[in-house]
Amino acid sequence: TSKIGVVISDIQNPFFGSVVRGIEKVTLVDDFTLILGNSDEDPQQEQKLISMLLEEAVAGLIIAPTNPDVGSYQPLFSSNTPVVIIDRQLPKVNLDMVLVNGYAGAQKAVAYLAGLGHERIGFIGGLVHLSVMSERERGYLDALKKHGFPIVDAYLQHGNNRQDGGYQAMQEMLALEQPPSAVLIANNLMTLGGLQAIHESGLEIPEHISLVGFDDMDWAPSLRPPLTVVAQPAYEMGVTAASLLLDRIRAPGQPPQVVMLDTKLVIRASCQDIQ
């Protein structure tokens, strides 16, 4: 058919909006119609969406998976429908994937904060069963070790990838007897929650606490102060995924590709030099 299915994990997250824009840019040229589904980070809802799209006989699927259990995707793999996985890695599968090197992105952020004199660096991670979040956390921990900083359990908090999770995690950190002097937050929605908690506490950024977020959203430069971020190439992810899928539709027998995109540290004014 001339339909392509796209299943994203959180339609409220602007990151995925940029990804879908990139997909649409490529697929419209070849007159494909997108059918967009939102799994809402729910594996059961995701399976329903995949089943529905297979019944629609879509020409191919682009999926940001919610479930690390590869076996749950067996009906999809058995259908022989061309598939491209985005953002979250599925282990032990031979499929086209487009990922972002979040491990290196977290390391860049910690190195930058260390260069400003910060040693008490906190991290608010997301859903740990998702590869994208576990890689960012691993990058943070390895960077602390590299710089000789102690790993303080209370400085490592986990949210739910959403604003309320970032809010609660930041509240936990700020309530510590000695809170971190800087915090890296693992996605944009949790960053909003973290900002809310900081503002409600009466603290000033960066005078009292420095902050680095993941994802460079349109609102990041408009904050006061403008937010330093680890920028991800969301639009490029969508373009690359759509191009791989169309290539797979045209030539099903070609070897799968795993494309790893780089992050960029965008320095603004939310971090203070304390040396």
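Shown above is the structure to which this text applies.
Nothing here was measured: the structure is a model prediction, and the numbers come from that model. (Residues numbered from 1 in each chain as written. Predicted model: local features only at pLDDT ≥ 70, side-chain atom pairs only at ≥ 80, totals over all residues. Heavy atoms only, no water.)

Asker: Describe the layout of surface pockets, naming the residues involved and giving the relevant values.
Answerer: Approximately 230 Å³ is the volume attributed to the largest pocket. Split into classes, the residues belonging to the lining of the largest pocket amount to 7 nonpolar, 3 polar and 2 charged. By volume, the second largest pocket amounts to about 150 Å³. Taken together, Pro14, Phe15, Ser18, Asp215, Asp216, Met217, Asp218, Gln232 and Ala234 make up the full set of residues lining the second largest pocket. Take the lining of the second largest pocket: its biggest share by element is 3 residues, from helix α1 (residues 14-27). Counted by class, the lining of the second largest pocket contains 4 nonpolar, 2 polar and 3 charged residues. (1 Å grid on protein atoms, 1.4 Å probe; cavity = no way out; pocket = protein on both sides within 12 Å on 5 of 7 lines; lining within 4 Å. Points joined across faces, edges and corners; volume = space filled by probe spheres on them. Nonpolar A, V, L, I, M, F, W, Y, C, P; charged D, E, K, R; others polar. Helix = DSSP H or I, 4+ residues; strand = E, 2+ residues; numbered from the N terminus.)

Asker: Residues and numbers for helix α6 (residues 163-174), please.
Answerer: Across its 12 residues, α6 extends 17 Å between first and last C-alpha, which sits within 8% of the 16 Å expected from 1.5 Å per residue. All of the buried residues in α6 are Gly165, Gly166, Tyr167, Ala169, Met170 and Met173. Against the buried residues of α6 lie β6 (121-125), β7 (156-158), β8 (182-185), α7 (188-201) and β9 (210-214). (Expected span 1.5 Å × (residues − 1). Buried < 20%, exposed > 50% of the residue type's maximum accessible area, 1.4 Å probe, protein only. Contact = heavy atoms within 4.5 Å.)

Asker: With reference to specific residues and values, describe the side chain of Asp87.
Answerer: With respect to the helices and strands, Asp87 occurs in the loop between β4 (83-86) and β5 (96-100). Within polar-contact distance, the side chain of Asp87 engages the side chain of Arg88 at 3.0 Å. In this view, Asp87 contacts Phe15, Phe16, Val98, Leu99, Val132 and Met237; residues no more than four positions away in its chain are not counted. (Polar contact = N/O pair within 3.5 Å; in protein donor to acceptor, adjacent residues only side chain to side chain.)

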